[in-house]
Amino acid sequence: MRNLTLMTDLYQLTMMNGYYKDNSHEDIMVFDIFFRNNPSKGGYTLICGIDEIIDYIENLHLTQEDIEYLHSLDIFDEGFLDYLKNFRFTGEIYAVEQGSVMFPYEPILRVKAKAIEAQFIETAMLCILNFQSLIATKASRICQVAKDDIVMEFGLRRAQGPDAGIYGAKAAIVGGCQGTSNVLAGKMFDVPVMGTHAHSWIQKFDSELEAFRSYARTYPTKTILLIDTYDTLASGLPNAITVFREMRQKGYEPLGVRIDSGDLEYLSKEVRQRLDEAGFPNVKITASNDLDEYTLMDLKLQGAKIDSWGIGTRLITSSDCPSLGGVYKLAAVLKNGEYEPKIKISESPEKITNPGYKQVVRIYNKNNDKAEADLIMMDGEKIDTSKPLTIFHPIYTWKVRTYKDYYIKELLQPLFIDGKCVREKKTVKEYREYAFKEKASLWPQYLRLSNPEPYKVDLSQELYDVKHKLIKEKRNSKEEQ
């Protein structure tokens, strides 16, 4: 396992050095990770990367070579560098389950640790969560449109580096894809690998027909032929049908054809009709070529006869929304056994943080198990589910709603306690199933690709009061200055 300990921003280390010199490096601080906007202007975000955070935290240590490099920068105290020689994470992390559906401003991960530890892990955790959650969400949107069709992740060659290719493939599976072309990801995460041949296979032979025959001989039970190398309808499809008939005479049935260029709507209809007329109604049609959820939607609305989809560039790069923008903000400091809430004030209301040591609760309808709203609250607050629960909009406070037949679920669950991981990892396939269940709990209006209804995320009365008390105090302090 790679040591990613120095995969951090320099300012984390300069602050840590400052805490050490100030003798406050072991003060307990609480940070939240959250995001302000869903990707692609959608209605939800699918969280992914929790397992990689476990790996990162468990392997957190600095080697002698790391210490020597930091020493060479000539900006850190010798005592601080000495302290780092035995650096480990000893704090607490609570997080949602991988595959959870989450919404803007609610904590998806909460850290409570010594200042020097809590500060250090910010950058790497954001890097992991931001990217994988972005790709998982993109995959989820694509698979939502594809419905029961097979969706394959084909993005490795267009990924922005090896790690993006590997962990993007994993995130795409969590988001709903059935398989990936990435063999290393298939091995690492025990997920299906999919793929057949490229245009170069066809071009290498003297004729397209010879190339098809060779491939069918090599893979008689898994024959899928790429038919758009020269001319899909005039050459590729007739040659494929010829080979399919020869295979049938030998007792084999072909699986499919793939189209990677041209007018996919028109070509798929023509290919489907001609395959059916030739006696191959069970041969599936796969399409690829710079696809995303929007092109899939258009093709389906136009009645394209496509059974499975290979999605590459626009999935692995989330081309219409290349970053998630999750942030890591201080929420509280532990003083004399009490959490002292901290807040960031901004001229932009959406950048004012929610203070305190918090929990996120999801409210479900007892009659249909649908998620109705989320409530961000102080960790010690209790909800009596035998009584009606009234919540209000955190900005438009006159907007209230009362729930009677409901149950709740606390979303932040222990991940690390006293520096030890306390959560068992699941398989990527299990996280995929969990993500499907999470999405199934949402009403359709929250799942729309465009202009979704905003999901309700409210603050408890106690948290609301603390937040506005702090805002008032900071404003009064500014006026006095």
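All of these numbers come straight from a predicted model, not from anything done at the bench.

## Focus on the UniProt feature "domain: Nicotinate/nicotinamide phosphoribosyltransferase" (unreviewed entry) in the protein chain
So, point 1. As annotated in UniProt, the feature "domain: Nicotinate/nicotinamide phosphoribosyltransferase" (unreviewed entry) corresponds to residues 151–353 in the numbering used here.
So, point 2. Helix and strand shares over residues 151–353 are 41% and 16% respectively, and the end C-alpha atoms of the span are 38 Å apart.

## Remarks on the pairing of strand S11 (residues 308–311)
So, point 1. Residue alternation in S11 divides its side chains into two sets, Ser308 and Gly310 and Trp309 and Ile311, and both sets are buried.
So, point 2. Here strand S6 (residues 150–153) pairs with S11 via four bridges, running parallel. Bridge assignment links methionine 152 to a residue of S11, and that residue is glycine 310.
So, point 3. In this sheet, S11 lies alongside strand S10 (residues 284–287) in parallel orientation, the contact comprising two bridges. When the bridges of S11 are listed, threonine 286 appears paired with serine 308.

## Some thoughts on helix H13 (residues 293–301)
So, point 1. When H13 is considered as a whole, its buried residues turn out to be Glu293, Leu296 and Leu299. Buried residues of H13, viewed axially, fall in a sector of 125°; they line one side.
So, point 2. Two or three places before tyrosine 294, at the start of H13, stands the capping residue aspartate 292, its side-chain oxygen 3.0 Å from that residue's backbone nitrogen.
So, point 3. Trailing H13 by a residue or two, glycine 303 shows a phi angle of about 80°, which is positive.

## Examining unusual backbone geometry
So, point 1. The backbone of asparagine 23 shows a phi angle near 60°, a positive value even though the residue is not glycine.
So, point 2. Looking at where asparagine 23 falls in the secondary structure, it is placed in the loop between helix H1 (10–21) and strand S1 (28–34).
So, point 3. What makes asparagine 23 exposed here is its relative accessible area of 63%.
So, point 4. With a phi angle near 55°, lysine 41 is a residue other than glycine that sits in the positive phi range.
So, point 5. Residue position: lysine 41 is located in the loop between S1 and strand S2 (45–46).
So, point 6. According to the relative accessible area criterion, lysine 41 is exposed, its value standing at 75%.

Conventions and cut-offs
All residue numbers refer to positions counted from 1 along the written sequence of the respective chain. A pLDDT threshold of at least 70 governs which residues receive local features in this predicted model, and a stricter bar of 80 or more applies before side-chain atom pairs are shown or counted, although totals over entire chains, interfaces and linings include all residues. Heavy atoms from the whole structure form the basis of all side-chain values; hydrogens and water molecules are not counted. UniProt positions are given in the numbering used here, feature names are shortened, and annotations may be inferred rather than shown by experiment. Helix and strand definitions follow DSSP, with helices as H or I runs of at least four residues and strands as E runs of at least two, each counted in order from the N terminus. Summary of the burial criterion: residues with accessible area below 20% of their type's maximum are buried, those above 50% are exposed, and those between are partly exposed, where the area comes from a 1.4 Å probe applied to protein chains only. Two strands pair under a simple rule: DSSP has to find at least two bridges between them. The arc in question is traced by the directions running from the helix axis to the C-beta atoms. Pairing of N or O atoms within 3.5 Å defines a polar contact, subject to two protein rules: one partner must be a possible hydrogen donor and the other a possible acceptor, and residues neighboring in sequence count only if both atoms are side-chain atoms.

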